[in-house]
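Per-entry structural report
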Amino acid sequence: MTPAAMPSLSTRELSIRFGGHVAVDQVSADFYPGTLTVIVGPNGAGKTTYFNLISGQLPASSGTVLLDGADITRHGAARRTALGIGRAFQLTNLFPHLTVAENVRLAVQSRAGAGMNMRSMLTRWSSHTDLIVRADYYLERVSMASRRDTRVMALSHGDKRKLEVAILLALEPAVMMFDEPTAGMSVDEVPVVLDLIHQVKAERNRTILLVEHKMDVVRSLADRIIVLHNGSLVADGNPAEVMASPIVQQAYLGTPEHA
Ligand SMILES: Nc1ncnc2c1ncn2[C@@H]1O[C@H](COP(=O)(O)OP(=O)(O)OP(=O)(O)O)[C@@H](O)[C@H]1O
């Protein structure tokens, strides 16, 4: 196997039970650099729970999570973030009383801190110029430079979601996870975020995982689609194949609310 064909992230028979309910049931999948995989499925299928098992928010009942071939199943969320699994958290990781720029600076600093000792951090950021320039770069990428001094609590929902993407970019993770990144955005904000996700994938050969309900977003971004249903993986392949498969039509695409 060539290095390019090595998965950066894998799950092996990954499961979690809540009491008697198996929310994620023996899901095995490989995720490759430069590939954007969209995870779809009906409400309650286990998509968010699967994300939580990968990012470390929930402990697996059984099975394995591998990052670059190393077993990270027992690592907590913070350690997984430091190792390169970044996730946009539906606004829960924003500091509402800080400004937009301060929120991104914290992410840049936290990234710089990974693998550095205090002395190198202090030396590196002693003037703060680098820090400010880097934070502004990420804000420009999400078209939010003009809001840099606005407190987060005063932002629109769409701007908060864009800021979340800027923070994720600033963490520079090898694996990026997005949970419905355009949810609640206005029609004109959606393309900004979709273009950005396209660009990010192409630039850095990143592994991107995305949970999405909107089929137009799925079609515009997916290199590959995984379908979960009742916690199990029921389809995995290229978008055309998966969308056409009878099990997907029946389990998911056939329902008018998702068509
Ligand atoms: N902490 C928990 N305790 C008990 N049950 C849970 C917990 N988290 C999730 N579940 C259950 O696990 C199942 C999968 O939920 P999950 O939120 O992962 O589905 P989903 O596919 O993300 O749904 P949606 O599209 O509605 O967000 C559901 O039956 C849910 O009620």
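Cut-offs applied
Residues numbered from 1 in each chain as written. Predicted model: local features only at pLDDT ≥ 70, side-chain atom pairs only at ≥ 80, totals over all residues. Helix = DSSP H or I, 4+ residues; strand = E, 2+ residues; numbered from the N terminus. Buried ≥ 20, exposed ≤ 12 C-beta atoms within 10 Å, placed from the backbone. Near = placed C-beta within 6 Å. Nonpolar A, V, L, I, M, F, W, Y, C, P; charged D, E, K, R; others polar. Contact = placed C-beta atoms within 7 Å. Domains from an automatic or database assignment.

An unreviewed UniProt entry lists the protein chain under the name ABC transporter ATP-binding protein, with Massilia atriviolacea given as the organism.

1. Observations regarding the overall build of the protein chain
A count of helices and strands for the protein chain gives ten helices and ten strands. When each of the 259 residues of the protein chain is scored for burial, the buried share is 36%.

2. Side note on the site of the ligand
If you check the shell around the ligand, you find F18, A23, G41, N43, G44, A45, G46, K47, T48 and T49 and nothing else. Looking at which element gives the most residues to the shell around the ligand, the answer is helix 1 (residues 47–55), with three residues. Residue composition of the shell around the ligand, by class: three nonpolar, six polar and one charged.

3. With respect to the environment of V175
Along the chain, the position of V175 falls in strand 7 (residues 175–179). With 22 C-beta atoms counted inside 10 Å, the residue V175 sits in the buried group. Ignoring sequence-local partners within four residues, the contact set of V175 consists of S8, L9, G84, I85, G86 and T207.

4. What to know about the domain arrangement of the protein chain
Considered domain by domain, the protein chain is made up of domain 1 (1–84 + 174–259) and domain 2 (95–172). If you look at the interface, domain 1 gives eleven residues, while domain 2 gives eleven residues. Considering only residue class, the side of domain 1 that touches domain 2 consists of eight nonpolar, two polar and one charged.

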